[in-house]
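Next come the chains, spelled out residue by residue.
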Amino acid sequence: SSGINAEYGGYAINCYVGLYTEGTGTVVDTDCSLLDGVGVNFTRCKWFSKETLGVNTTHHACGTCDPNDDDDCWDCNTDLCNSAYYPSFVFLQVVLAAAVLYR
């Protein structure tokens, strides 16, 4: 269940948290209110990828995008919205839309 952040008046969110490296990895459903005890409460989930030495890693976390995340970072505000499959789904929609437009 979601926690209440009294200072900001917001509700914590459940996000996927974890890593995929070259398609292998795992994410877990995480209650982002677990840090309430230290004064941190997240109301958004995020997804971004980083490439290091030619190896691509996707990151799934609680929080909002920040300058340390790559340009492809996106965040969202519903439970479990940072799915490992979202970018692939969006790519598929783009490909299908392009196919329809350019027939």
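Residues numbered from 1 in each chain as written. Predicted model: local features only at pLDDT ≥ 70, side-chain atom pairs only at ≥ 80, totals over all residues. Heavy atoms only, no water.

Q: Help me understand the pattern of salt bridges, please; the structure alone is not making it clear to me.
A: It is possible for side chains bearing opposite charge to pair when their charged atoms get close. Inspection of the entire model under this criterion finds three salt bridges. For Lys46, the salt bridge is made with Asp66, and the minimal N-O distance between the two is 3.5 Å. On the criterion of sequence distance, the pair formed by Lys46 in strand S5 (residues 45–52) and Asp66 in the loop between strand S6 (55–62) and strand S7 (74–76) is long-range, its members being 20 residues apart. One salt bridge in this structure joins Asp69 and Lys46, with 3.1 Å as the shortest N-O distance. Residue Asp69 is located in the loop between S6 and S7, and its partner Lys46 is located in strand S5; the two are separated by 23 residues in the primary sequence. With respect to burial, Asp69 and Lys46 carry one shared label: buried. Salt bridges sharing common partners tie together Lys46, Asp66 and Asp69. (Salt bridge = Lys/Arg side-chain N within 4 Å of Asp/Glu carboxyl O. Helix = DSSP H or I, 4+ residues; strand = E, 2+ residues; numbered from the N terminus. Buried < 20%, exposed > 50% of the residue type's maximum accessible area, 1.4 Å probe, protein only.)

Q: I'm lost on unusual backbone geometry in this one. Help?
A: Outside of glycine, negative phi angles account for most residues, and trans bonds account for most peptide bonds. For Leu53, which is not glycine, the phi dihedral falls at a positive 50 degrees. Within the element layout of this structure, Leu53 appears in the loop between S5 and S6. At Leu80, a position not held by glycine, the phi torsion is positive, near 60 degrees. On the secondary structure map, Leu80 appears in the loop between S7 and helix H1 (86–101).

Q: Before we go on, may I ask you to explain the packing of aromatic side chains in this structure?
A: The geometry of an aromatic ring pair is captured by two quantities: the separation of the ring centres and the angle between the planes. As enumerated under the stated definition, the model contains one aromatic pair in all. Taken together, a centroid distance of 6.0 Å and an interplanar angle of 15 degrees make the contact between Trp47 and Trp74 stacked. Here the residue Trp47 occupies a position in strand S5, and Trp74 occupies one in strand S7, the gap between them amounting to 27 residues. Take Trp74: its relative accessible area is 18%, and that puts it in the buried class. (Phe/Tyr/Trp six-rings, centres within 6.5 Å; stacked < 30°, edge-to-face > 60°.)

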